[in-house]
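# Architecture at a glance
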Amino acid sequence: MIFKTLSPAPPDAIMGLTEAFKKDPNPQKINLGVGVYQDDTGVTPIMECVKEAERRILVSEKTKSYLSIGGAPEYRAHMQKLMFGVDHPVLRDDRARTAHTPGGTGALRIGALFLKQVCPEATVWMSTPTWANHPGIFTATGYKQAAYPYYCAETQGLDYEAMRDALKKVPAGDVVLMHVCCHNPSGIDLSDEQWREIAGIAADRGWIPFLDFAYQGLGDDLERDRVGLLRMAEAVPELFVAHSCSKNFGLYRERTGSLTVMASTTSAAEPAFSHVEKTVRVTYSNPPAHGGLIVTTILDDAALRGQWEQEVVGIRDRIKGVRTALVRKLAEQGVARDFSFIERQRGMFSFSGLTDEQVAFLREKKSIYIVKGGRINVAGITSANIDYLCESIAEVLKPEP
């Protein structure tokens, strides 16, 4: 018997926190750990454009047969245009190939598996810090890993010079994982000028960019949030992009994402993608259809697309408004520490500056659930809980008598 010898696996750092939150009887409990958008009532809403798309699909759908290994061509074409922009040179030259994947996580895993086949001795470089699941995904595929500097705790900003200098030393053929926008967990992004310089380094050194693009539209807007991808695409011959529709379409449980490989030529893209499809075939065979149908229905229709874009604006504006309100209310509570950096960060996440001891106090004494390291999901803050949250943070930051 094999199961009797097993010890329980450690709980996931974020999902385990959510399970503990669910069991907490405190009516004032707040979950700032899990990475999902919530509206001001604390609900992860279904977009109105998604509801309308699903109504149309219900009426018109004629089959539940399998999709192809790479997914529906229409969905894949829409993902390319959404990421690169309509009529981008990479698309005009037919240098990109896209697979519909089960979420952004599925895209990362397929990309990791494919890369392990073609460059098995490479090391994957990740930012310090990075999304908690990144190391696990690449560990599961047997990759060696290394880190490059990113966040500076002293300035609550980007440690750009250290990052740049480290990436100048990455060997050719290694893989560098980067967040395109709304860096998770810090909320700190590179500027256009910084992306240009890093892209030039990638081209000079010959390392392979693997871009995680999970939050398009939640930073500045759908166009400006793609700047990191565009700068890389201008500079390097090959790259990977893992894209997600979880946040900007609200399709969390539909697991709707894509993996795009960009090659130097059309003739190089086709055989590369055949190996991606081979990897998909032995992993999950073909993707789930429903989320892709929703996205395609919305992006195929001018009115629905316009509605979707406005709903994305609403999500983005609420997150920015929460950031401003949090900084203001902490000051009103008499907190001496300067939290203005929270307003400069982008997307759903923020490094709050709270220590692990302070995070533990808030969880144990106040039922406020924050990921170890002090990362908070600002979208979990509502008008109903923000005062309690700020009072609790003020208490934990109060100097010892």
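A brief report on the enclosed structure follows. (Residues numbered from 1 in each chain as written. Predicted model: local features only at pLDDT ≥ 70, side-chain atom pairs only at ≥ 80, totals over all residues. Heavy atoms only, no water.)

Our next topic: the overall build of the chain. A count of helical and extended segments in the chain gives 15 helices and 13 strands. Relative to the globule expectation of 21 Å for 401 residues, the C-alpha radius of gyration of the chain, 21 Å, shows essentially globular dimensions. Counting every position in the chain, which comprises 401 residues, the buried fraction comes to 54%. Looking at the chain alone, contacts between residues at least 24 apart form 75% of all its contacts between residues at least 6 apart. (Helix = DSSP H or I, 4+ residues; strand = E, 2+ residues; numbered from the N terminus. Rg over C-alpha atoms; globule rule 2.2 N^0.38 Å. Buried < 20%, exposed > 50% of the residue type's maximum accessible area, 1.4 Å probe, protein only. Contact = heavy atoms within 4.5 Å.)

Now for the sheet that holds strand β3 (residues 123-128). Reading across from one edge, β2-β10-β9-β8-β7-β3-β4 is the order of the seven strands in this open sheet, with mixed pairing throughout. Bordering the open sheet on either side are β2 (96-102) and β4 (144-149), each of which pairs with just one other strand. Each adjacent strand pair in this sheet contributes to an overall mean axis angle of 25°, direction not counted. Alignment of strand β8 (residues 208-213) against strand β9 (residues 239-244), held across four bridges, turns out to be parallel. Considered in β9, the bridge of F213 is made with H243. (Pairing = 2+ DSSP bridges. Axes fitted to C-alpha atoms, helices over the stretch in contact; angles between N-to-C directions.)

Locating T101 in the fold gives a position in strand β2. For T101, a relative accessible area of 0% puts it in the buried group. Between the alpha carbons of T101 and I381 there is a distance of 31 Å; along the sequence they are 280 residues apart. If we ignore the near neighbours within four places in the chain, the residues touching T101 are G106, A107, R255, T256, G257, S258, L259 and Y284.

Among the seven residues in strand β10 (residues 256-262), seven count as buried, and that is most of the element. Burial of β10 is two-sided: the residues T256, S258, T260 and M262 facing one way and the residues G257, L259 and V261 facing the other way are all buried. By the bridge criterion, seven bridges tie β2 to β10 in an arrangement that is antiparallel. Each bridged residue has a counterpart across the sheet, and for H100 the counterpart in β10 is S258. Strand direction decides the pairing type here: β9 and β10, joined by six bridges, are antiparallel.

What follows concerns the environment of Y66. Within the element layout of this structure, Y66 appears in the loop between α2 (48-60) and α3 (73-84). The exposed category is assigned to Y66, whose relative accessible area is 72%. Once the C-alpha coordinates of Y66 and A289 are considered, the two residues, 223 residues apart in sequence, prove to be 8.1 Å apart.

With that settled, consider empty space enclosed by the protein. What the rule picks out here adds up to two cavities of 30 Å³ or more. The calculated volume of the largest cavity comes to roughly 70 Å³. Around the largest cavity, the lining residues are L32, L326, L330, F339, I342, S352, L354, I376, L389 and I393. Of all elements in the fold, only α12 (302-332) and α15 (386-397) reach the threshold of two or more residues within the lining of the largest cavity. In terms of residue class, the lining of the largest cavity is made up of nine nonpolar, one polar and no charged. The space that makes up the second largest cavity amounts to roughly 30 Å³. (1 Å grid on protein atoms, 1.4 Å probe; cavity = no way out; pocket = protein on both sides within 12 Å on 5 of 7 lines; lining within 4 Å. Points joined across faces, edges and corners; volume = space filled by probe spheres on them. Nonpolar A, V, L, I, M, F, W, Y, C, P; charged D, E, K, R; others polar.)

For the rest of this paragraph, the subject is unusual backbone geometry. Here the amide bond leading from T128 into P129 is cis, since omega sits at 5°, within 30 degrees of zero. Assignment of secondary structure puts P129 in the loop between β3 and α6 (133-140). Phi is positive for D94, close to 60°, though the residue is something other than glycine. With respect to the helices, strands and loops of the structure, D94 is situated in the loop between α4 (89-92) and β2. Judged by relative accessible area, which is 37%, D94 ranks as partly exposed.

We now examine the packing of aromatic side chains. The way to describe two aromatic rings as a pair is by their centre distance and the angle between their planes. The tally for this structure, following the rule as stated, stands at nine aromatic pairs. Relative to F351, the ring of Y151 lies with its centre 4.8 Å away and its plane at 80°, an arrangement referred to as edge-to-face. One end of the pair, Y151, is in strand β5 (residues 151-152); the other, F351, is in strand β11 (residues 349-351), with 200 residues separating them in the sequence. Both residues of the pair, Y151 and F351, count as buried. Here the aromatic cluster, defined as three or more aromatic residues joined through ring pairs, consists of F114, F138, Y143, F210 and F240. Sitting over the ring of F21, K29 keeps its end group 4.7 Å from the ring centre. (Phe/Tyr/Trp six-rings, centres within 6.5 Å; stacked < 30°, edge-to-face > 60°. Lys NZ or Arg CZ within 6 Å of the ring centre and 35° of its normal.)

So, about the pattern of salt bridges. Evaluated as defined, the whole model comprises 23 salt bridges. A salt bridge links R318 to D40, with the shortest nitrogen-to-oxygen separation between them at 3.7 Å. Placement of the pair is R318 in helix α12 and D40 in the loop between β1 (30-31) and α2, with a sequence separation of 278 residues. On the basis of relative accessible area, D40 is assigned to the partly exposed category, the value being 37%. The salt bridge involving R164 is made with D165; its shortest N-O contact spans 3.4 Å. A relative accessible area of 18% places R164 in the buried class. In this structure, a network of salt bridges that share partners links the residues E52, R55, R56 and D301. (Salt bridge = Lys/Arg side-chain N within 4 Å of Asp/Glu carboxyl O.)

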